[in-house]
Amino acid sequence: MNNIVKSERLVMKPIVDGDLVPFVASQQDEIFKLYTGGVQTIEAATDKFVKEVEYFQKHGYGFFSAFWADNGEWMGQIGVTTRATNEFVEFGWGFLPKFQGKGFAIEAAKAVLEWCNNRFGFDDFYFCISPRNLSSVKLAEKLGAKNIGTNKVPEELKETDVEIWYLKYDNN
């Protein structure tokens, strides 16, 4: 089974041990973590990394590392998980600040959504987005997602600044 997703400018691969250093650095970047719980310690980021690797190995899906196809540079992450709740498939993304605003996230999102639909039949996706994160709100809107408010916010995120966006995926 092919777990590599490609788009015009990106290659998304399941995270592996070699991605630890850029992953941990991203978790300590204040801009990168502004809307997702704030910076993490090295220990907390490493623990999160290990859990994400194990999650993908167990389920066959999870978060991918996104790489720039031109030079192989680690750009961020994108993927699906049920980590916050088993009630729904959560789709999420995070790109390093230097790659934001250049269309990489939407390009990656379209490719990974299609992969999830083709591979697992997922067609209902939920995004947990802070309403202050205007770039993620705009991305969700471009993908066709609708803000459904706070009624489906997972218990683990009840005290955070997050709204739920819903996307009924249709690859036609």
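Coordinates for the structure precede this section.
Here the structure is a predicted model, which means the values were calculated and not measured. Along every chain, residues carry numbers that run from 1 in the direction the sequence is written. Where totals are concerned, whole chains, interfaces and linings use all residues; where local detail is concerned, this predicted model gives features only for residues with pLDDT of at least 70, and gives and counts side-chain atom pairs only at 80 or more. As a convention, hydrogens and water are excluded, and side-chain values are obtained from all of the structure's heavy atoms.

Trainee: Looking at this structure, how should I read the nonpolar core?
Mentor: Generally speaking, soluble globular proteins have nonpolar side chains that are buried together. With 47 residues, the main nonpolar core has Met-12, Phe-91, Phe-125 and Phe-127 as its most contacted residues. The element best represented in this core is helix 3 (residues 104-120), accounting for nine residues. Contact definition: two residues touch when any of their heavy atoms are within 4.5 Å. If near-sequence neighbours (up to four positions away) are discounted, Phe-127 is found in contact with Phe-91, Trp-93, Ala-140, Leu-143, Ala-145, Glu-163, Ile-164, Trp-165 and Leu-167. Phe-88, Cys-128, Val-153 and Val-162 belong to the second-largest nonpolar core, a separate cluster that totals six residues. Residues enter a nonpolar core if they are buried and are Ala, Val, Leu, Ile, Met, Phe, Trp, Tyr or Cys, with the set joined through side-chain atoms within 4.5 Å. Note on exposure labels: buried denotes an accessible area under 20% of the residue type's maximum, exposed denotes more than 50%, and partly exposed covers the range between, all computed with a 1.4 Å probe on protein chains only. Here a helix means four or more residues in a row that DSSP labels H or I, a strand means two or more in a row labelled E, and each is numbered from the N terminus.

Trainee: Sorry if this is basic, but what is going on with the side chain of Ser-65 here?
Mentor: When you line up the elements, Ser-65 lands in strand 3 (residues 63-68). The exposure class of Ser-65 is buried, given its relative accessible area of 0%. We call two N or O atoms a polar contact when they sit within 3.5 Å, provided that within protein one can donate a hydrogen and the other can accept it, with sequence-adjacent residues counted only if both atoms are side-chain atoms. There is a polar contact of 2.9 Å between the side chain of Ser-65 and the side chain of Asp-19. For Ser-65, the contacting residues outside a window of four places in its chain are Val-11, Met-12, Lys-13, Ile-15, Asp-19, Trp-74 and Gly-76.

Trainee: Would you take a moment to explain the pairing of strand 4 (residues 74-81) for this structure?
Mentor: For a regular strand, side chains alternate in direction, first toward one face of the sheet and then toward the other. For strand 4, the tally of buried residues reaches eight of eight residues, placing the bulk of the element in the interior. Where strand 3 and strand 4 come together, five bridges link them in antiparallel fashion. Each residue of the ladder has a partner; that of Ser-65, found in strand 4, is Gln-77. Criterion used throughout: strands pair if DSSP finds at least two bridges between them. The loop that links strand 3 with its antiparallel partner strand 4 comprises five residues; one of these, Gly-72, has a positive phi angle of about 75°. When strand 4 meets strand 5 (residues 90-95), the two strands line up antiparallel, connected through six bridges. Residue pairing for strand 5: Thr-81 is matched across the bridge by Glu-90.

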